[in-house]
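Residue strings, one per chain:
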Amino acid sequence: MTDTDKCEVLKTVEGIPEVLFKIIVVGEASVGKSCIMVRAVKDEYKDNYEVTVGAESSTFFIKINGNIVQLQIWDTAGMEKFRSMIKVFFAGSHCALLVYDITRKETFEKLDVWLSMLKETTTPDIKIVLVGNKKDNDKERQVTYEQGKQYEQQNGLFDFVETSAKTGEGVINTFIKVAKALFAEKQHVNSKDEGDTKKLEQAKPKKKGCC
Ligand code: GDP
(Lines give C-alpha, C1' and ligand atoms only; values in the text may rest on other atoms or scores of the structure.)
Protein backbone atom coordinates (compact mmCIF):
# COMPACT_ATOMS: atom_id res chain seq x y z
CA MET A 1 0.00 0.00 0.00
CA THR A 2 1.28 3.47 -0.84
CA ASP A 3 -0.03 7.04 -0.61
CA THR A 4 -1.04 6.83 -4.26
CA ASP A 5 -3.56 4.04 -3.56
CA LYS A 6 -7.11 4.97 -4.46
CA CYS A 7 -9.11 5.28 -1.30
CA GLU A 8 -12.62 6.54 -0.70
CA VAL A 9 -15.04 6.54 2.26
CA LEU A 10 -18.37 5.05 1.13
CA LYS A 11 -21.64 6.67 2.16
CA THR A 12 -23.55 3.48 1.29
CA VAL A 13 -22.37 -0.09 0.90
CA GLU A 14 -21.83 -0.92 -2.75
CA GLY A 15 -21.17 -4.62 -2.54
CA ILE A 16 -19.84 -7.34 -0.33
CA PRO A 17 -16.93 -6.29 1.89
CA GLU A 18 -13.66 -8.06 1.23
CA VAL A 19 -12.72 -7.97 4.88
CA LEU A 20 -13.87 -6.67 8.28
CA PHE A 21 -11.60 -5.08 10.87
CA LYS A 22 -12.52 -4.39 14.47
CA ILE A 23 -11.39 -1.09 15.96
CA ILE A 24 -11.87 -0.07 19.58
CA VAL A 25 -11.81 3.47 20.90
CA VAL A 26 -10.55 3.64 24.49
CA GLY A 27 -9.47 6.24 27.04
CA GLU A 28 -10.73 8.22 30.04
CA ALA A 29 -14.30 9.56 30.23
CA SER A 30 -15.06 12.77 28.27
CA VAL A 31 -11.93 12.77 26.10
CA GLY A 32 -14.19 12.71 23.03
CA LYS A 33 -14.41 9.01 22.11
CA SER A 34 -18.11 9.12 21.15
CA CYS A 35 -17.58 12.34 19.19
CA ILE A 36 -14.67 10.78 17.28
CA MET A 37 -16.78 7.78 16.35
CA VAL A 38 -19.74 9.90 15.22
CA ARG A 39 -17.42 12.20 13.25
CA ALA A 40 -15.96 9.15 11.47
CA VAL A 41 -19.24 7.43 10.76
CA LYS A 42 -21.66 10.33 10.12
CA ASP A 43 -19.31 13.29 9.69
CA GLU A 44 -21.31 15.13 12.37
CA TYR A 45 -20.54 16.78 15.70
CA LYS A 46 -22.83 17.43 18.66
CA ASP A 47 -21.79 19.00 21.95
CA ASN A 48 -23.45 16.40 24.13
CA TYR A 49 -23.83 12.67 23.73
CA GLU A 50 -25.29 10.33 26.29
CA VAL A 51 -22.65 8.64 28.41
CA THR A 52 -21.63 5.34 26.84
CA VAL A 53 -22.63 2.40 28.99
CA GLY A 54 -20.37 -0.55 28.27
CA ALA A 55 -19.75 -0.30 24.54
CA GLU A 56 -21.55 0.68 21.32
CA SER A 57 -20.57 -0.15 17.78
CA SER A 58 -20.95 1.52 14.39
CA THR A 59 -19.79 0.54 10.98
CA PHE A 60 -18.28 2.32 8.06
CA PHE A 61 -16.88 1.26 4.74
CA ILE A 62 -13.80 2.31 2.82
CA LYS A 63 -12.92 1.36 -0.73
CA ILE A 64 -9.22 0.73 -1.22
CA ASN A 65 -8.10 0.09 -4.80
CA GLY A 66 -11.57 -1.26 -5.60
CA ASN A 67 -11.78 -3.49 -2.50
CA ILE A 68 -14.46 -2.76 0.09
CA VAL A 69 -13.11 -2.78 3.64
CA GLN A 70 -15.55 -2.74 6.56
CA LEU A 71 -14.51 -1.08 9.80
CA GLN A 72 -16.50 -2.01 12.86
CA ILE A 73 -15.78 0.68 15.42
CA TRP A 74 -16.46 0.08 19.12
CA ASP A 75 -16.83 3.10 21.36
CA THR A 76 -16.18 1.99 24.95
CA ALA A 77 -17.08 3.60 28.27
CA GLY A 78 -14.23 5.46 29.96
CA MET A 79 -15.69 5.49 33.46
CA GLU A 80 -13.94 3.44 36.11
CA LYS A 81 -17.10 1.53 37.07
CA PHE A 82 -17.35 0.02 33.57
CA ARG A 83 -13.68 -1.12 33.34
CA SER A 84 -14.07 -4.85 33.94
CA MET A 85 -17.14 -4.96 31.70
CA ILE A 86 -15.52 -3.25 28.69
CA LYS A 87 -12.47 -5.52 28.64
CA VAL A 88 -14.71 -8.15 27.05
CA PHE A 89 -15.08 -5.90 24.01
CA PHE A 90 -11.32 -5.54 23.53
CA ALA A 91 -10.82 -9.16 22.45
CA GLY A 92 -10.28 -9.72 18.75
CA SER A 93 -9.50 -6.07 18.00
CA HIS A 94 -7.20 -5.32 15.09
CA CYS A 95 -6.64 -1.74 16.15
CA ALA A 96 -7.19 0.51 19.17
CA LEU A 97 -7.46 4.28 19.21
CA LEU A 98 -6.06 5.26 22.60
CA VAL A 99 -7.54 8.71 23.19
CA TYR A 100 -6.61 11.49 25.62
CA ASP A 101 -7.72 15.12 25.82
CA ILE A 102 -4.92 17.62 25.10
CA THR A 103 -6.65 20.11 27.45
CA ARG A 104 -6.70 17.69 30.45
CA LYS A 105 -3.29 16.47 31.57
CA GLU A 106 -4.81 13.84 33.86
CA THR A 107 -6.22 11.98 30.83
CA PHE A 108 -2.68 11.78 29.37
CA GLU A 109 -1.33 10.56 32.72
CA LYS A 110 -3.84 7.68 32.71
CA LEU A 111 -2.61 6.31 29.35
CA ASP A 112 -0.44 3.66 31.03
CA VAL A 113 -3.53 2.15 32.69
CA TRP A 114 -5.27 1.84 29.32
CA LEU A 115 -2.19 0.48 27.62
CA SER A 116 -1.85 -2.29 30.22
CA MET A 117 -5.52 -3.16 29.81
CA LEU A 118 -5.00 -3.43 26.05
CA LYS A 119 -1.90 -5.59 26.49
CA GLU A 120 -3.77 -7.91 28.86
CA THR A 121 -6.74 -8.43 26.56
CA THR A 122 -5.48 -8.23 22.95
CA THR A 123 -2.82 -9.89 20.79
CA PRO A 124 0.66 -8.33 20.37
CA ASP A 125 0.03 -7.51 16.69
CA ILE A 126 -2.75 -5.01 17.54
CA LYS A 127 -2.11 -1.57 16.02
CA ILE A 128 -2.40 1.10 18.70
CA VAL A 129 -2.86 4.69 17.57
CA LEU A 130 -2.38 7.38 20.21
CA VAL A 131 -4.92 10.18 19.67
CA GLY A 132 -4.67 13.61 21.33
CA ASN A 133 -8.19 15.00 20.85
CA LYS A 134 -9.67 18.56 21.15
CA LYS A 135 -6.88 20.08 19.08
CA ASP A 136 -9.22 22.99 18.23
CA ASN A 137 -9.00 24.15 21.85
CA ASP A 138 -5.30 25.02 21.70
CA LYS A 139 -5.54 27.90 24.18
CA GLU A 140 -6.45 25.42 26.94
CA ARG A 141 -3.73 22.94 25.96
CA GLN A 142 -2.01 21.10 28.85
CA VAL A 143 -0.19 18.39 26.86
CA THR A 144 2.26 19.38 24.13
CA TYR A 145 2.50 17.67 20.73
CA GLU A 146 6.05 16.59 21.64
CA GLN A 147 4.83 14.82 24.81
CA GLY A 148 2.35 12.81 22.72
CA LYS A 149 5.02 11.96 20.14
CA GLN A 150 7.42 10.87 22.86
CA TYR A 151 4.78 8.61 24.45
CA GLU A 152 4.12 6.98 21.06
CA GLN A 153 7.83 6.32 20.49
CA GLN A 154 8.61 5.12 24.01
CA ASN A 155 5.78 2.61 23.87
CA GLY A 156 6.33 1.46 20.28
CA LEU A 157 2.84 2.45 19.15
CA PHE A 158 1.69 2.32 15.52
CA ASP A 159 1.02 6.06 15.17
CA PHE A 160 0.32 9.34 16.95
CA VAL A 161 -2.09 12.00 15.78
CA GLU A 162 -3.80 15.06 17.20
CA THR A 163 -7.45 15.40 16.19
CA SER A 164 -10.50 17.54 16.66
CA ALA A 165 -13.82 15.73 16.55
CA LYS A 166 -15.33 19.23 16.64
CA THR A 167 -13.79 20.51 13.39
CA GLY A 168 -13.15 17.02 11.96
CA GLU A 169 -9.40 17.60 11.68
CA GLY A 170 -7.47 14.34 11.49
CA VAL A 171 -10.38 12.02 12.28
CA ILE A 172 -11.29 10.43 8.93
CA ASN A 173 -7.65 10.36 7.84
CA THR A 174 -6.73 8.35 10.94
CA PHE A 175 -9.31 5.68 10.12
CA ILE A 176 -8.24 5.64 6.45
CA LYS A 177 -4.58 5.20 7.44
CA VAL A 178 -5.45 2.35 9.79
CA ALA A 179 -7.71 0.66 7.19
CA LYS A 180 -4.96 0.87 4.55
CA ALA A 181 -2.32 -0.57 6.89
CA LEU A 182 -4.55 -3.43 8.04
CA PHE A 183 -5.66 -4.23 4.50
CA ALA A 184 -2.07 -4.18 3.18
CA GLU A 185 -1.02 -6.54 5.96
CA LYS A 186 -3.93 -8.87 5.18
CA GLN A 187 -3.03 -8.96 1.48
CA HIS A 188 0.58 -9.70 2.36
CA VAL A 189 -0.46 -12.63 4.58
CA ASN A 190 -2.83 -13.93 1.87
CA SER A 191 -0.16 -13.84 -0.84
CA LYS A 192 2.33 -15.51 1.50
CA ASP A 193 -0.20 -18.27 2.26
CA GLU A 194 -0.78 -18.79 -1.47
CA GLY A 195 2.97 -19.02 -2.02
CA ASP A 196 3.35 -21.56 0.80
CA THR A 197 0.49 -23.69 -0.58
CA LYS A 198 2.11 -23.70 -4.03
CA LYS A 199 5.45 -24.70 -2.53
CA LEU A 200 3.78 -27.54 -0.60
CA GLU A 201 2.05 -28.78 -3.74
CA GLN A 202 5.30 -28.69 -5.70
CA ALA A 203 7.06 -30.58 -2.92
CA LYS A 204 4.46 -33.40 -2.88
CA PRO A 205 5.96 -36.64 -4.29
CA LYS A 206 4.49 -37.38 -7.72
CA LYS A 207 2.56 -40.66 -7.97
CA LYS A 208 4.22 -43.02 -10.43
CA GLY A 209 1.49 -45.30 -11.73
CA CYS A 210 -0.22 -47.85 -9.55
CA CYS A 211 1.45 -49.60 -6.58
P1 GDP B 1 -16.31 10.33 25.73
O2 GDP B 1 -16.82 10.19 27.12
O3 GDP B 1 -14.84 10.09 25.68
O4 GDP B 1 -17.06 9.50 24.74
O5 GDP B 1 -16.49 11.87 25.33
P6 GDP B 1 -17.61 12.58 24.43
O7 GDP B 1 -17.44 12.19 23.00
O8 GDP B 1 -18.94 12.32 25.04
O9 GDP B 1 -17.19 14.11 24.60
C10 GDP B 1 -17.07 14.70 25.87
C11 GDP B 1 -17.20 16.22 25.74
O12 GDP B 1 -16.10 16.72 25.01
C13 GDP B 1 -18.47 16.67 25.01
O14 GDP B 1 -18.98 17.82 25.64
C15 GDP B 1 -17.96 17.00 23.62
O16 GDP B 1 -18.73 17.96 23.00
C17 GDP B 1 -16.53 17.49 23.89
N18 GDP B 1 -15.64 17.24 22.76
C19 GDP B 1 -15.46 16.05 22.13
N20 GDP B 1 -14.55 16.17 21.13
C21 GDP B 1 -14.17 17.47 21.13
C22 GDP B 1 -13.26 18.22 20.32
O23 GDP B 1 -12.61 17.73 19.39
N24 GDP B 1 -13.11 19.55 20.64
C25 GDP B 1 -13.77 20.13 21.68
N26 GDP B 1 -13.55 21.42 21.91
N27 GDP B 1 -14.66 19.45 22.44
C28 GDP B 1 -14.85 18.14 22.18
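Scoring rules and cut-offs
- Residues numbered from 1 in each chain as written.
- Predicted model: local features only at pLDDT ≥ 70, side-chain atom pairs only at ≥ 80, totals over all residues.
- Helix = DSSP H or I, 4+ residues; strand = E, 2+ residues; numbered from the N terminus.
- Buried ≥ 20, exposed ≤ 12 C-beta atoms within 10 Å, placed from the backbone.
- Contact = placed C-beta atoms within 7 Å.
- Core = buried A, V, L, I, M, F, W, Y, C linked by C-beta atoms within 7 Å.
- Pairing = 2+ DSSP bridges.
- Axes fitted to C-alpha atoms, helices over the stretch in contact; angles between N-to-C directions.
- Near = placed C-beta within 6 Å.
- Nonpolar A, V, L, I, M, F, W, Y, C, P; charged D, E, K, R; others polar.

Asker: Describe the overall build of the protein chain, and please don't skip the residues or the numbers.
Answerer: From N to C terminus, the protein chain includes 6 helices and 7 strands. Of the regular secondary structure in the protein chain, the N- to C-terminal order runs β-β-α-β-β-α-β-α-α-β-α-β-α. The buried share among the 211 residues of the protein chain stands at 31%. A fraction of 76% describes how many contacts in the protein chain between residues 6 or more apart in sequence connect residues 24 or more apart.

Asker: Could you give me a rundown of the nonpolar core, with the residues and numbers involved?
Answerer: Grouped together as the largest cluster of nonpolar side chains are 42 residues, with contacts concentrated most on Leu98 and Ala179. The contact partners of leucine 98, leaving out residues within four places of it in the chain, are Val26, Gly27, Leu111, Trp114, Leu115, Ile128, Val129, Leu130 and Val131.

Asker: Give me the lowdown on the sheet that holds strand 7 (residues 159-162), citing residues and values where you can.
Answerer: The strand order across the open sheet built from 7 strands is 1-3-4-2-5-6-7, with neighbouring strands paired in mixed fashion. Looking at the sheet topology across the chains shown, the edges are occupied by strand 1 (7-10) and strand 7. When strand polarity is set aside, the average angle formed by the axes of neighbouring strands in this sheet is 25 degrees. Looking at chain direction, strand 6 (residues 127-133) and strand 7 are connected through 4 bridges and run parallel. Considered in strand 7, the bridge of glycine 132 is made with glutamate 162. Set on the sheet, helix 5 (residues 145-154) makes contact with strand 6 and strand 7; between it and strand 7 the angle comes to about 160 degrees.

Asker: How would you explain the site of the ligand if you had to name every residue and give the values?
Answerer: Around the ligand, the surrounding shell holds 19 residues, and the nearest of these are Gly32, Lys33, Ser34, Cys35 and Lys166. The element that contributes the greatest number of residues to the shell around the ligand is helix 1 (residues 33-42), accounting for 3 residues. Here the residues of the shell around the ligand are counted per class, giving 5 nonpolar, 9 polar and 5 charged.

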